[in-house]
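Observations on the three-dimensional arrangement
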Amino acid sequence: MTTKKMWVWVAVLAVTLSGTSWAQKKKSAESGAMATAAHAMELVKQQQYPQAVDEFTKAIEASPKDSRLYIDRGGVYLSGLQKFPEATADFTKAIELSPKEANAYSLRGASLIEENKLDEAMTDLNKALELKPDEPRTLERRGLAFYKQKNYQAALADYNKALSASPDSPLGLSRRADAYVALQQFAPAQADLRAYLKARPEDMGAEDRLRFVDAKLAPPVAATAATPKATPKPQPMKLLTRENVFIAIGGLLVLLLIVVVIAKMAMTRRD
């Protein structure tokens, strides 16, 4: 083997070994990222949201091109910590990495609703439904966007479609009840709230909403006319009472006494 051929062979071998080493490192990093992400999910189940975000951040640093990690961390920001701008930023990064990922659009739409950016949210939710038609959670989210825009009929249509696919969804039942109330359809709102409370009996706010709906459905109480009280008639004075008799006798005795005194005085003058 000539010296030139030997160096070519060495160079090829070095590149091959380098590529193998890089691939192994990448695989190892991805494996480590997935393990870290799994730990993060356990923390989410324990409602340790700040710690879960820290773990997802470590996973992202190990595997920065994995859109799923941004979606997972964004979900913690959205539902656990209610840090909506941070959630939106993570979902945006996920969309940049995976522009056909319906869930990323749907979740960013949910986050934008919380930021009250309803038009932008509607664009994302429509895109999510284009990529994954009739997905129940996305329909629920778009229903909420319609509801906040006061388009209650469109909201009701989305909730109905979502619940036809997922009839036991507590979130769908609760939100559809709100749409029914907005449309003053209290009977179906009552049914939805009762079904919701079977799944979430601890929700005191839903109890208050149900009481409101029950009151709307209660039959009106007939106003009863107040019966006027009869004015008591004045009792006629009784003249012949024991007191009056004694007073009269006393008066006669006094008068008789006066007559006797006058008579005696007259007789004395004559004498």
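Data block above holds the structure.
Residues numbered from 1 in each chain as written. Predicted model: local features only at pLDDT ≥ 70, side-chain atom pairs only at ≥ 80, totals over all residues. Heavy atoms only, no water.

1. Regarding the packing of helix 6 (residues 118–131) against helix 7 (residues 136–148)
- Orientation of helix 6 relative to helix 7, taken along the N-to-C sense of each, is 155°, at an axis distance of 10 Å. Taken together, the axes of helix 6 and helix 7 lie roughly antiparallel to each other. Here helix 6 runs over helix 7; the crossing is left-handed. Seen from helix 6, the contacting residues are Leu-118, Met-122, Leu-125, Asn-126, Ala-128 and Leu-129; seen from helix 7, they are Thr-138, Leu-139, Arg-141, Arg-142, Ala-145, Phe-146 and Lys-148.
- Class assignment for the residues of the contact of helix 6 with helix 7 results in eight nonpolar, two polar and three charged. (Axes fitted to C-alpha atoms, helices over the stretch in contact; angles between N-to-C directions. Helix = DSSP H or I, 4+ residues; strand = E, 2+ residues; numbered from the N terminus. Parallel < 35°, antiparallel > 145°, perpendicular 65-115°, else oblique. Left-handed = near helix turned anticlockwise from the far one by under 90°. Contact = heavy atoms within 4.5 Å. Nonpolar A, V, L, I, M, F, W, Y, C, P; charged D, E, K, R; others polar.)

2. Topic: the environment of Lys-83
- Residue placement: Lys-83 occurs in the loop between helix 3 (67–80) and helix 4 (84–97).
- We classify Lys-83 as partly exposed; its relative accessible area is 40%.
- In the structure, Lys-83 is positioned 28 residues away from Ser-111 in sequence and 8.9 Å away in space, judged by C-alpha atoms. (Buried < 20%, exposed > 50% of the residue type's maximum accessible area, 1.4 Å probe, protein only.)

3. Points about the packing of helix 9 (residues 170–182) against helix 10 (residues 186–199)
- Closest axis-to-axis distance for the helix 9/helix 10 pair is 8 Å, and the angle between their directions is 155°. With respect to helix 10, the element helix 9 is oriented roughly antiparallel. Both helix 9 and helix 10 take part in a crossing whose hand is left-handed. On helix 10, the residues that touch Pro-170, Leu-173, Ser-174, Arg-176, Ala-177, Tyr-180 and Val-181 of helix 9 are Phe-186, Pro-188, Ala-189, Asp-192, Leu-193, Ala-195, Tyr-196 and Ala-199.

4. Some words on helix 11 (residues 204–217)
- Compared with an ideal rise of 1.5 Å per residue, which puts 14 residues at 20 Å, helix 11 spans 20 Å between its outermost C-alpha atoms and is within 8% of the ideal.
- Every buried residue belonging to helix 11 is among Ala-206, Leu-210 and Val-213, and all of these are buried. In an axial view of helix 11, the angular spread of the buried residues amounts to 65°, which keeps them on one side of the axis. For helix 11, the exposed residues lying more than 90 degrees away from the buried face are Met-204 and Ala-215. (Expected span 1.5 Å × (residues − 1). Arc of directions from axis to C-beta.)

5. Focus: the layout of surface pockets
- Counted as a void, the largest pocket has a volume near 460 Å³.
- Of all the secondary-structure elements, those providing two or more residues to the lining of the largest pocket are helix 3, helix 5 (102–114), helix 7 and helix 9.
- Along the lines of polarity and charge, the residues of the lining of the largest pocket split into eight nonpolar, four polar and six charged. (1 Å grid on protein atoms, 1.4 Å probe; cavity = no way out; pocket = protein on both sides within 12 Å on 5 of 7 lines; lining within 4 Å. Points joined across faces, edges and corners; volume = space filled by probe spheres on them.)

6. Re helix 8 (residues 152–165)
- Taking 1.5 Å as the rise per residue, helix 8 with 14 residues should run 20 Å; its terminal C-alpha atoms sit 20 Å apart, in good agreement.
- Along helix 8, the residues that are buried comprise Ala-154, Ala-155, Leu-156, Asp-158, Tyr-159, Ala-162 and Leu-163.
- The inward-facing, buried residues of helix 8 abut helix 7 and helix 9.

7. Focus: the environment of Ala-104
- Mapping Ala-104 onto the fold places it in helix 5.
- Here Ala-104 falls in the buried class, since its relative accessible area comes to 0%.
- Considered as a pair, Ala-104 and Ser-67 are 37 residues apart in the sequence and their alpha carbons are 8.8 Å apart.
- If we skip the residues at most four places from it in the chain, Ala-104 touches Ile-71, Phe-91, Ala-94 and Ile-95.

8. Quick word on the environment of Lys-65
- Summarising the element assignment, Lys-65 is placed in the loop between helix 2 (49–62) and helix 3.
- Taking the C-alpha atoms as reference, Lys-65 lies 9.9 Å from Glu-30; in sequence the two are 35 residues apart.

9. Focus: the packing of aromatic side chains
- In this structure the tally under the stated criterion is two aromatic pairs.
- Summarising the aromatic geometry, the rings of Phe-186 and Phe-212 are spaced 6.4 Å apart at their centres and angled 75° between planes, so their arrangement reads as edge-to-face. Of this pair, Phe-186 sits in helix 10 while Phe-212 sits in helix 11, and the two are 26 residues apart along the sequence.
- For Phe-186, a relative accessible area of 15% corresponds to the buried category.
- A relative accessible area of 43% places Phe-212 in the partly exposed class. (Phe/Tyr/Trp six-rings, centres within 6.5 Å; stacked < 30°, edge-to-face > 60°.)

10. A short note on the side chain of Arg-108
- Looking at the element boundaries, Arg-108 is found in helix 5.
- Reaching out from Arg-108, the side chain makes a polar contact with the side chain of Asp-124 at a distance of 2.5 Å.
- The residues touching Arg-108, leaving out its near neighbours within four places in the chain, are Thr-88, Phe-91, Thr-92, Ile-95 and Asp-124. (Polar contact = N/O pair within 3.5 Å; in protein donor to acceptor, adjacent residues only side chain to side chain.)

11. A closer look at unusual backbone geometry
- Positive phi, close to 60°, is recorded for Gln-47, a residue that is not glycine.
- Along the polypeptide, Gln-47 turns up in the loop between helix 1 (3–45) and helix 2.
- For Lys-150, which is not glycine, the phi dihedral falls at a positive 65°.
- Tracing the backbone through its elements, the reader meets Lys-150 in the loop between helix 7 and helix 8.

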